[in-house]
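Working through the structure, step by step
One letter stands for each residue in the lines below.
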Amino acid sequence: MGESLHHPLSAVDKPFLMPVSDIFPLRQGRAVMFTGTVEHGHVHAGDTVEFVGPGSGGCALVTEIDAGGTPVDEAAVGMNVGLVLRGGEAGGGEQGQVLAAPGSIRAHAHFTAEIELLPEDEGGRDIVTGSRLIFYTYTAALRGTVTLPQGLDTLGPHGRATVTVALDKPLALEEGRPFAFRHHGRAAGSGLVTRLPER
């Protein structure tokens, strides 16, 4: 209960979601531990979770939860834990994915976002339609192509615009999700997912 007092009620009430930080094969490959910090909801030993994001998908069973070397029955918002998963899909998990309650979040390769570039003295530089950026959200880093709104040829440092993004691979996303991006190897700005395609 004390854990939840430090987080918005909305994060506690949302379905379980944990970005994958690291992966450790266990027991000659018969199980895999996925570590990360729980961002939404909670998960119990015995629950089924889904892999969402770049790489293969599917579901696996949570057999154990490790919190700093101590076995626990439940992991909640804000806890840094290791989830031991068993199932045919566990070996296909990778960093940059999220573990989530099945069906609660989808992976998308296209989205609309409101972005803001850094000032020039902080590394901001011009971007144009077709600029290749690296997008960072959860624990993922993925390349994508940005398209500026019609009538805008160039977005300069400290500029703001609503853009569309096409990622090289689908990524777990939800509306309102913040992200950062780099351009030519330097931090360039940040943004917020404002619309996802309906499907």
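Residues numbered from 1 in each chain as written. Predicted model: local features only at pLDDT ≥ 70, side-chain atom pairs only at ≥ 80, totals over all residues. Heavy atoms only, no water.

Taken together, the side chains of Glu-120, Asp-121, Glu-122 and Asp-126 define an acidic patch exposed on the protein surface. Counting through the fold element by element, Glu-122 comes out in the loop between strand S11 (106-117) and strand S12 (127-128). (Patch = residues over 30% accessible without salt bridge, like charges linked within 9 Å, V, L, I, M, F, W, Y side chains within 5 Å. Areas by Shrake-Rupley, 256 points an atom, 1.4 Å probe, with all protein chains shown as cover. Salt bridge = Lys/Arg side-chain N within 4 Å of Asp/Glu carboxyl O. Lys, Arg positive; Asp, Glu negative; His and termini not counted. Charge placed at Lys NZ, Arg CZ, Asp CG, Glu CD. Helix = DSSP H or I, 4+ residues; strand = E, 2+ residues; numbered from the N terminus.)

So, on to the pattern of salt bridges. Enumeration according to the criterion identifies three salt bridges in this entry. Among the ionic pairs, Glu-39 bridges to Arg-177, the shortest N-O distance being 2.3 Å. A residue pair is termed long-range when its members are at least 10 positions apart, and Glu-39 in the loop between strand S3 (31-37) and strand S4 (42-44) and Arg-177 in the loop between strand S16 (160-173) and strand S17 (178-183) qualify at 138 residues. Measuring nitrogen to oxygen at the nearest pair gives 3.9 Å for the salt bridge that ties Arg-160 to Glu-114. Note that Arg-160 is positioned in strand S16 and Glu-114 in strand S11, a separation of 46 residues in sequence. Of the residues examined, Glu-114 reaches a relative accessible area of 26% and is grouped as partly exposed. (Buried < 20%, exposed > 50% of the residue type's maximum accessible area, 1.4 Å probe, protein only.)

We now examine the nonpolar core. Counting 23 residues, the largest nonpolar core has Phe-111, Ile-115, Ile-127, Phe-179 and Phe-181 as its most contacted members. Elements supplying a minimum of two residues to this core: S11, strand S13 (132-137), strand S14 (140-147), S16, S17 and strand S18 (186-195). Examining the composition of this core, we find that six residues originate from one element, S16, more than from any other. Not counting residues up to four positions away in its chain, the partners in contact with Ile-115 are Ile-127, Leu-155, Gly-159, Arg-160, Ala-161, Val-163, Phe-179, Phe-181, Ser-190 and Gly-191. In this structure, Phe-16, Val-49, Leu-83 and Leu-99 belong to the second largest nonpolar core, which totals 19 residues. (Core = buried A, V, L, I, M, F, W, Y, C linked by side-chain atoms within 4.5 Å. Contact = heavy atoms within 4.5 Å.)

Tracing the chain through its elements places Asp-22 in strand S2 (residues 22-26). Here Asp-22 falls in the partly exposed class, since its relative accessible area comes to 41%. For the pair Asp-22 and Gly-58, spaced 36 residues apart in sequence, the C-alpha separation works out to 18 Å. With near-sequence residues (within four places) excluded, Asp-22 lies in contact with Met-33, Phe-34 and Thr-35.

Moving on: the sheet that holds S11. Backbone-to-backbone hydrogen bonds join strands into a sheet, with any given pair of strands oriented parallel or antiparallel. Taken together, six strands build a closed barrel; the order of strands is S11-S16-S14-S13-S17-S18 and the barrel is antiparallel. If you compare each strand with its neighbour and ignore which way they point, the axes differ by 40° on average. For S13 and S17, the ladder comprises three bridges, and the chain directions are antiparallel. Looking at S17, one finds that Tyr-136 is bridged to Ala-180. (Pairing = 2+ DSSP bridges. Axes fitted to C-alpha atoms, helices over the stretch in contact; angles between N-to-C directions.)

To continue, consider the confidence of the model for the protein chain. Per-residue confidence for the protein chain gives a mean pLDDT of 90; residues scoring 70 or more make up 92%. Per-residue pLDDT stays below 50 along residues 1-7; that stretch engages in six contacts with residues further than four places along the chain or on separate chains. (pLDDT = per-residue confidence, 0-100.)

Glancing now at empty space enclosed by the protein. The final tally for this structure, using the stated rule, is one cavity of 30 Å³ or more. Roughly 40 Å³ of volume is contained in the largest cavity. Lining the largest cavity are Phe-111, Phe-135, Tyr-136, Thr-137, Leu-167, Leu-171, Leu-173 and Phe-179. Residue composition of the lining of the largest cavity, by class: seven nonpolar, one polar and no charged. (1 Å grid on protein atoms, 1.4 Å probe; cavity = no way out; pocket = protein on both sides within 12 Å on 5 of 7 lines; lining within 4 Å. Points joined across faces, edges and corners; volume = space filled by probe spheres on them. Nonpolar A, V, L, I, M, F, W, Y, C, P; charged D, E, K, R; others polar.)

In this section: the pairing of S14. Only one face of S14 is buried, namely the one carrying Ala-140, Leu-142, Gly-144 and Val-146, since none of Ala-141, Arg-143, Thr-145 and Thr-147 on the opposite face is buried. Examined bridge by bridge, S13 and S14 share six bridges and lie antiparallel to one another. Paired with Tyr-136 across the two strands is Ala-141, which belongs to S14. With antiparallel pairing between neighbouring strands as the criterion, S13 and S14 make up a hairpin whose turn holds two residues, including Tyr-138 at a positive phi of roughly 50°.

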